[in-house]
Amino acid sequence: MAASGSFVATKDCPAFQSFRKGTNPGGVKIETGHSYPLLAKNASNATHYRIRIDGASPPERWVSVE
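A quick note: this is a predicted structure, and the numbers were derived from the prediction, not measured.

Some words on the side chain of Arg61
Along the chain, Arg61 turns up in strand S6 (residues 60-64). For the buried Arg61, no salt bridge exists, and the shortest N-O distance to an oppositely charged side chain is 7.5 Å, to Glu60. For Arg61, the side chain forms a polar contact with the main-chain oxygen of Ala15, separated by 2.9 Å. In this view, Arg61 contacts Ala15, Phe16, Gln17, Asn24, Pro25, Val28, Tyr49, Arg50, Ile51, Ile53 and Ala56; residues no more than four positions away in its chain are not counted.

Have a look at this one:
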């Protein structure tokens, strides 16, 4: 589901290419206090958000709503 706005990390956590498979090329993590562009959510009652992380390959990653 498309979404817009920004996502501000409240804790450091992994940023997955696929949260279902647990794939995280490059071991990318989001950092507490940083804001990331919000691209999508996985469902109307989301458990994960898709964000853009500049410098990551691929830059579109999934992070837990928690």
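Quick word on the pattern of salt bridges
Under the definition given, this model contains one salt bridge. The closest approach of N and O atoms between Glu60 and Arg52, which form a salt bridge, is 2.7 Å. Owing to a relative accessible area of 21%, Glu60 belongs among the partly exposed residues under this scheme.

Digging into the packing of aromatic side chains
Applying the stated rule across the entire model yields two aromatic pairs. An angle of 70° between the planes, with centres 5.7 Å apart, marks the rings of Phe7 and Tyr49 as edge-to-face. Here Tyr49 lies in strand S5 (residues 48-52) and Phe7 lies in strand S1 (residues 6-8), a separation of 42 residues in the sequence. Pairing Phe19 with Trp62 gives two aromatic rings, centres 5.5 Å apart and planes at 70°, and the pair type is edge-to-face. Placement of Phe19 in the loop between strand S2 (13-14) and strand S3 (29-30) and of Trp62 in strand S6 is noted, with a sequence separation of 43 residues between them.

Conventions we followed
Residues numbered from 1 in each chain as written. Predicted model: local features only at pLDDT ≥ 70, side-chain atom pairs only at ≥ 80, totals over all residues. Heavy atoms only, no water. Helix = DSSP H or I, 4+ residues; strand = E, 2+ residues; numbered from the N terminus. Buried < 20%, exposed > 50% of the residue type's maximum accessible area, 1.4 Å probe, protein only. Lys, Arg positive; Asp, Glu negative; His and termini not counted. Salt bridge = Lys/Arg side-chain N within 4 Å of Asp/Glu carboxyl O. Polar contact = N/O pair within 3.5 Å; in protein donor to acceptor, adjacent residues only side chain to side chain. Contact = heavy atoms within 4.5 Å. Phe/Tyr/Trp six-rings, centres within 6.5 Å; stacked < 30°, edge-to-face > 60°.

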